[in-house]
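The primary structure of each chain is shown beneath.
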Amino acid sequence: MKQSILFLLALLYLQLTAQKQLPLNEGSPQIHNATVVGNYPNTELILSIAATGEKPIRYDAQNLPKGLKLDEATGIISGTVTERGNYTVKLVAKNKHGWKEQDIRLAIGDTLCYTPPLGWNSWNVFTKDINEKMLMEIADAMASNGMRDVGYQYINIDDFWHAESRDSVTGKPVVDPAKFPHGMKYLSDYVHSKGLKLGIYSCAGTKTCGKCFGGYSFEEIDAKTYAEWGIDLLKYDFCFTPWSKKEAVERYTKMGTALKNSGRSIVFSVCNWGLFKPWKWAPQAGGQYWRTTPDIFDIWKGGKSNIFRNSMMYILKRQNRLAKYAGPGHYNDPDMLLVGNYGKGKATSWNGNFKGMTDTEYESHMSLWAMMAAPLLSSNDLRNMNDCTQTILTNYELLAINQDAKGEQAKLVKKKRGVWVYKKELSNGDIAVAVLNTKKKHDFFRLGFEMFEGDKTYTVRDVWKHTDMGINNGCVYSHLDAHETSVYIFSKPK
Ligand code: GAL
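These figures come from a predicted structure and were not determined experimentally.

(A) Broad picture of the packing of helix 3 (residues 132-144) against helix 4 (residues 184-193). Where helix 3 contacts helix 4, the two axes come as close as 10 Å, and the packing angle between them is 10 degrees. Considering their axes alone, helix 3 and helix 4 lie roughly parallel with respect to each other. Along the contact surface, helix 3 presents Glu-132, Leu-135, Met-136, Ala-139 and Asp-140, while helix 4 presents Tyr-186, Leu-187, Tyr-190 and Val-191. Within the contact of helix 3 with helix 4, the residues separate by chemical class into 7 nonpolar, no polar and 2 charged.

(B) Local environment of the site of the ligand. In the vicinity of the ligand there are 13 residues, among which Asp-158, Asp-159, Lys-235, Asp-237 and Asp-295 approach most closely. Asp-158 is positioned such that a nitrogen or oxygen atom in its side chain is 2.6 Å from an oxygen atom of the ligand. For the ligand, the protein covers 94% of the area, taking 310 Å² as the surface of the free molecule. Residue composition of the shell around the ligand, by class: 6 nonpolar, 1 polar and 6 charged.

(C) Inspection of helix 5 (residues 219-229) at higher detail. When we look at burial in helix 5, the residues that qualify are Glu-219, Asp-222, Ala-223, Thr-225, Tyr-226, Ala-227 and Trp-229. In this fold, the buried residues of helix 5 make contact with helix 4, strand 12 (197-203), strand 13 (233-237) and helix 6 (245-260). After helix 5 finishes, the residue Gly-230 shows a positive phi value of roughly 80 degrees.

(D) Spatial organisation of the pairing of strand 20 (residues 431-437). The buried fraction of strand 20 is high, at 7 of 7 residues. Going residue by residue along strand 20, you find Ile-431, Val-433, Val-435 and Asn-437 tucked away on one face and Ala-432, Ala-434 and Leu-436 tucked away on the opposite face as well. Note: strand 19 (residues 419-425) against strand 20, 7 bridges, orientation antiparallel. Each residue of the ladder has a partner; that of Trp-420, found in strand 20, is Leu-436. Hairpin geometry of strand 19 and strand 20 is characterised by an intervening segment of 5 residues between the two adjacent antiparallel strands and by a positive phi of about 95 degrees at Gly-429. The sheet contact formed by strand 20 and strand 25 (residues 485-491) spans 6 bridges and is antiparallel. Looking at the pairing, Ile-431 lines up with Phe-490 of strand 25.

(E) The environment of Gly-340, seen in detail. Tracing the backbone through its elements, the reader meets Gly-340 in the loop between strand 16 (331-333) and helix 8 (359-371). Through-space distance from the C-alpha of Gly-340 to that of Tyr-325 is 29 Å; in sequence the pair is 15 residues apart. Setting aside anything within four residues of it in sequence, one finds Gly-340 in contact with Tyr-362, Asn-380 and Thr-389.

(F) Here's a closer look at the state of the cysteines. Within the structure shown, the criterion is met by 1 disulfide. Each disulfide pairs two cysteine sulfurs, and for Cys-209 the partner residue is Cys-239, the sulfurs being separated by 2.1 Å. Between Cys-209 and Cys-239, the S-S torsion sits near 100 degrees, and that sign places the bridge as right-handed. Highlighted residues: Cys-209 in the loop between strand 12 and helix 5 and Cys-239 in the loop between strand 13 and helix 6, separated in sequence by 30 residues. Cys-113 takes part in no disulfide bond, and the closest cysteine sulfur to it belongs to Cys-271, at a distance of 15 Å. Here Cys-212 is not cross-linked by a disulfide; its sulfur's nearest cysteine counterpart is in Cys-209, at 10 Å.

(G) Region of interest: the packing of helix 5 against helix 6. At a minimum axis separation of 8 Å, helix 5 and helix 6 run at an interaxial angle of 35 degrees. Judged by the twist between their axes, the crossing of helix 5 over helix 6 is right-handed. Where helix 5 abuts helix 6, its residues Glu-219, Glu-220, Asp-222, Ala-223 and Tyr-226 lie against Arg-251, Lys-254, Met-255, Ala-258 and Leu-259. Within the contact of helix 5 with helix 6, the residues separate by chemical class into 5 nonpolar, no polar and 5 charged.

(H) Fine view of the sheet that holds strand 19. What the 6 strands build is an open sheet, ordered 18-19-20-25-22-23; its pairing is antiparallel. If you trace the sheet from one side to the other, it starts and ends with strand 18 (411-416) and strand 23 (467-473), each paired once. Each strand axis lies, on average, 25 degrees off the axis of its neighbour in the sheet, ignoring direction. The strands that helix 7 (residues 312-319) touches are strand 19 and strand 20; relative to strand 19, the one it contacts most, it runs at about 50 degrees.

Conventions we followed
Counting of residues starts from 1 at the beginning of each chain's written sequence and follows it residue by residue. Only residues with pLDDT of at least 70 get local features here, since the model is predicted, and only at 80 or more are side-chain atom pairs given and counted; chain-wide, interface and lining totals rely on the full set of residues. The basis for every side-chain value is the complete set of non-hydrogen atoms in the structure, without hydrogens or water. All axes are obtained by fitting lines to C-alpha atoms, using only the stretch in contact for helices, and the reported angles, taken between N-to-C directions, cover 0 to 180 degrees. Under the DSSP-based scheme used, a helix requires at least four consecutive residues in state H or I and a strand at least two consecutive residues in state E, with every element numbered from the N terminus. For classification purposes, an angle smaller than 35 degrees is called roughly parallel, one larger than 145 roughly antiparallel, one from 65 to 115 roughly perpendicular, and anything else oblique. Contacts are residue-level and defined by heavy atoms, with any inter-residue pair within 4.5 Å sufficient. Classification convention: Asp, Glu, Lys, Arg as charged; Ala, Val, Leu, Ile, Met, Phe, Trp, Tyr, Cys, Pro as nonpolar; all other residues, Gly among them, as polar. Distances are taken per atom, and a residue is near a molecule or strand as soon as one of its heavy atoms is within 4 Å of it. In the analysis that follows, any N or O atom pair within 3.5 Å is treated as a polar contact, provided that within protein one partner can donate a hydrogen and the other can accept it, and provided that, for residues neighboring in sequence, both atoms belong to side chains. Note that accessible areas follow from Shrake-Rupley with a 1.4 Å probe, and for residues the cover is restricted to the protein chains shown. Exposure categories follow from relative accessible area, calculated using a 1.4 Å probe and restricted to protein chains: below 20% of the type maximum is buried, above 50% is exposed, and the middle band is partly exposed. Note on pairing: two strands pair once DSSP finds at least 2 bridges between them. Disulfides are defined as pairs of cysteine sulfur atoms found within 2.5 Å of each other. Each crossing gets its hand from how the near helix is turned against the far one by less than a right angle, where anticlockwise is left-handed and clockwise is right-handed.

Dropping the structure here:
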């Protein structure tokens, strides 16, 4: 009896306090950039000031190091810094309602991806059906739908951009002229003009997984050509290659080194599906992040005997023991996001056999990937997404957890009655906590603070409801729908 009254009271409280995130293009500015950004010296740097609030916004960047300039109307910082070092830059955004400033550290040195990359990839949703026009539209969408304003940057082209073969004289890679009539440099110029970055895909073997030409033995010429094309990220696959750890380390080191010497800051995404434990060698090979599993499918949970068991939950479970390998500049990659595909993704629905996930399940997927400091690469059609998908992808309070400078991957700290609790320590001493209901029925969960070792009193913020829950002593109660995840920030009261 007592329990059900408590339950009803809590439900009432949640109803009363439920509140949406302020629309991205309303009110005074807020800045969402990661607080540490890395780039190699003497290579092009492109960085958008990520700010939400009513447009027009005027941007400012104070104390920019020599070699960089800001476009005040667009908020795009670009140029080349020669001197290695750490530069504190003050980003400013102003509109008719007010202004906001945020210090960030530009670290010009040997590290990229101090925080996990935020972006988009073509594979899950489009597979081989990509072309220049569509990718330009995707860039337009990211620049105008709020995603760039909350920090998304990368537009990554996956497999099937290739011509039939390389240039027979120079050995250089060549793009499919029907799909990319103006060439790759034209597309990268366009993407960069929007303050975004362009990624590409290749493979450590003689062919890609889609049987286009691969990078085997062409590593230097490919890395140089990608740099000439203005490419900012390379995802490197593992088909058609000799199958051993030694070979994997060699091939990835060869490409990692070639990219490092290419004259551009090109992020290196190691994609060998977790074979030979890449978390142990990929950072030394030059990788900023590495896949930990086979490809993800648009399904909450597959059966044990099901060969398509690579569901969201299966992949999630496989990350639990890998938390210690993540940190600034090197992250586990549990594969792309499925948010907003609803079983329509060409690569992830297995010819329509998977009906996709519900919005609640996509919210959980997003929450858990953000908590795990995973690269957040959406792979839905950005030109055409519903409000719910957009709200999930642009929850900037959640993205701030993902982008926290400490780079910690959340650890699974408790499992009780099918409810799993993940904890991620943040650089300012706060604690982010996700509470996942893995069950098919709703639950009412008591989250006791004893798991935080010592402290019993916190102010709590609900990251999906965008509400402060006040000062809480000893515990908070979480009402969770089936497969729902709540995310909280716990701070010591000031
Ligand atoms: C797979 C990879 C996918 C996608 C595909 C392209 O090996 O895991 O993410 O890149 O190849 O053929």
